[in-house]
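Each chain, letter by letter, is given below.
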Amino acid sequence: MLITLEELAAIKQQAVAEYPNECCGVILVRGAERRHVPCRNVQDQMHARDPITFSRTARNAYYMDPMDALKLNRLADEGFAFEVIYHSHPNAGAYFSETDRGQALIRGEPAYPGAVYVVVSVVGSEVKALAAYRWNVERRVFERADAGDLDPAEPTVSRRLLAAAERRIPGGVNSPVRAFRSVGGEPRFVARAEGARLWDADGRAYVDFVGSWGPLVLGHAPRAVVQAVTAAAAGGTSYGAPTRQEVELAEAIAAAYPSMELLRLVSSGTEAAMSAIRVARGATGRDLLVKFDGCYHGHADSLLVKAGSGGATFGIPDSRGVPAVLAALTLTLPFNDLDAVRELFRQRGKEIAALIVEPVAGNMGVVAPAPGFLAGLREITTQHGALLIFDEVITGFRVAYGGAQELYGVRPDLTCLGKIIGGGLPVGAYGGRRDVMDHVAPLGGVYQAGTLSGNPLAVAAGLATLRALEDRKGYARLEALGARLERGLHDAAGKAGVPFTINRVGSMLTGFFCAGPVRDYADAKTADVARYARFYHGMLERGVYLAPSQFEAAFVSLAHGDDDLDHAARAAADAMAAVV
């Protein structure tokens, strides 16, 4: 064991006692003798004395009492060595951050080469997770030193799996939000799912409102989809050649989306958005792209940008590895601000190839378009010869069978789809006006290709899903279920007296911990993320699985029943009361 049970209990007690501030301490050894030295965080006092030097940032969340530093130096002089150095992450996970790494190294080398660093995740005055990290000399990284069993009081299969995953997968996950870093604690590893429920690796069941981030409109493992995929797999998993089924899926999509006169299947929503933008640039001969703050269109380089100083300035990279010269081709504006769009196009309209938008934002949390916003975008782009791209990866077949363009009566030039058209398997599609899509190879000079595009398993799952939805009867049920969940959350917040704003469009919604309204990304960012983290864990403990981020959507499926929604409402009432 890296630390004794007594040391563990003392560390957890200290972390909770000093929450919501960060705590720190050291365990030193000399032979068989161990010495535990909790250290006092005097950051509050230092900030009050000098707020400029001791600002409240992640890097400056802790400042050791000089008397404790003196004590540690004296013990080192007496022959004690640093065995364990620990600190807490208030409202964050038990991971070793870039800040932690920077503070543990001196000129690229560990300050205490033999020490193990223990990180304690504390959320809502409760320890959610612990993890240990040690410097790997050969790989020159800090890697997990425990096997998920640092806290013997609560051994879990998920914890052991996370420890193993962190040794091979960045952060232990294959998509960042799954790491729980926005809410603290450790992710649950899922073992299986059926209908409206999923079960984690430890056998605990949850009513699921994530639904694989939107595609599972029929719920988990619906019989028709499973049968279709099983039958397709029996005939081969991939051909790299055309099939009858991909033509059928293209016809079904075009019937639901008349704006998609020609379309191409790809393997993800990211690929769909990336390809649509390339087509827009190729068709118009222009380079600039306009997007909106808080709207996410996948992780292609052109789209990982944020606004500079002022909404209509050149973009700057929002991720390392994105060349500034490429990011500069993307301009960003506030969502729902038509005046800003008009002014930008007045100044730069002749240079703009396309404007891309989530017609209902789903990645700053759910934010609906203001009345006339989408119609205004259609008018402005047409006036200036730019293309309008609707990113309906989330809203497609979700808010209506014909997506947001059916719901709001606005027809874009290009559309990006994903999620539901794959029925839970990786797929995407982009398409639009015939004259624009004629630029795509082999018809034109805009190149795009993919070995697994139109994969027979994904196509089979997508066709089975769309056939279950095509009579459109399920959408009234989805609306009713979404409204019932909204009422339950609203009533729970009202009883608890918690500031709470719910944005909902059909079967997708977000509850923001702020007074509202939430009309754009700036409004969304006023939400209390620490309170959401506490609420999230309260719901998780009560068997309700939500997105581990304030800025994501909850999704209702046709597999949810009234009892599921009532269970969520009761859980929310208890969890809301606990976060006041």
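Everything that follows concerns the structure shown earlier in this document.
Definitions and cut-offs
Residues numbered from 1 in each chain as written. Predicted model: local features only at pLDDT ≥ 70, side-chain atom pairs only at ≥ 80, totals over all residues. Heavy atoms only, no water. Helix = DSSP H or I, 4+ residues; strand = E, 2+ residues; numbered from the N terminus. Rg over C-alpha atoms; globule rule 2.2 N^0.38 Å. Contact = heavy atoms within 4.5 Å. Lys, Arg positive; Asp, Glu negative; His and termini not counted. Charge placed at Lys NZ, Arg CZ, Asp CG, Glu CD. 1 Å grid on protein atoms, 1.4 Å probe; cavity = no way out; pocket = protein on both sides within 12 Å on 5 of 7 lines; lining within 4 Å. Points joined across faces, edges and corners; volume = space filled by probe spheres on them. Nonpolar A, V, L, I, M, F, W, Y, C, P; charged D, E, K, R; others polar. Disulfide = S-S within 2.5 Å. Buried < 20%, exposed > 50% of the residue type's maximum accessible area, 1.4 Å probe, protein only.

Enquirer: Looking at this structure, I do not really get the overall build of the protein chain. What am I missing?
Expert: The helix and strand tally for the protein chain stands at 18 helices and 24 strands. In terms of C-alpha radius of gyration, the protein chain reaches 26 Å, essentially the compact-globule figure of 25 Å for 580 residues. Counting only C-alpha atoms and orienting by the principal axes, one finds that the protein chain spans roughly 80 × 50 × 50 Å. Of all intrachain contacts in the protein chain linking residues separated by at least 6 positions in sequence, the fraction that spans at least 24 positions is 68%. Computed over 60 positive and 64 negative side-chain charges, the inter-centroid distance for the protein chain is 1 Å.

Enquirer: In this structure, what is going on with empty space enclosed by the protein? I would like to understand it.
Expert: Rolled over the atoms, a probe sized like a water molecule indicates the empty space that remains. The full count for this structure, using the stated rule, is three cavities of 30 Å³ or more. When its volume is computed, the largest cavity comes out at roughly 170 Å³. Around the largest cavity, the lining is made up of 19 residues, and of these Leu-489, Gly-511, Tyr-532, Leu-546 and Ala-554 lie nearest the centre. Contributions of two or more residues to the lining of the largest cavity are made by α15 (474-496), β22 (508-512) and α17 (529-541). Considered class by class, the residues forming the lining of the largest cavity number 14 nonpolar, four polar and one charged. Of the pockets and cavities examined, the second largest cavity occupies roughly 80 Å³. In terms of lining residues, the second largest cavity is bounded by Gly-93, Ala-94, Tyr-95, Leu-162, Glu-166, Gly-171, Ala-179, Arg-181, Gly-185, Glu-186 and Pro-187.

Enquirer: When you look at the state of the cysteines in this model, what are you seeing that I'm missing?
Expert: Joining two cysteines, a disulfide is a covalent bond between their sulfur atoms. Going through the model one piece at a time under the given rule, you end up with zero disulfides. Just so you know, Cys-24 is unpaired, no disulfide at all, and the nearest cysteine sulfur is the one on Cys-39, 5.3 Å from it. On the basis of relative accessible area, Cys-24 is assigned to the buried category, the value being 10%. In this structure Cys-514 is a free cysteine whose sulfur lies 17 Å from that of Cys-295, the closest cysteine sulfur available. Cys-514 sits in the buried class, given a relative accessible area of 7%.

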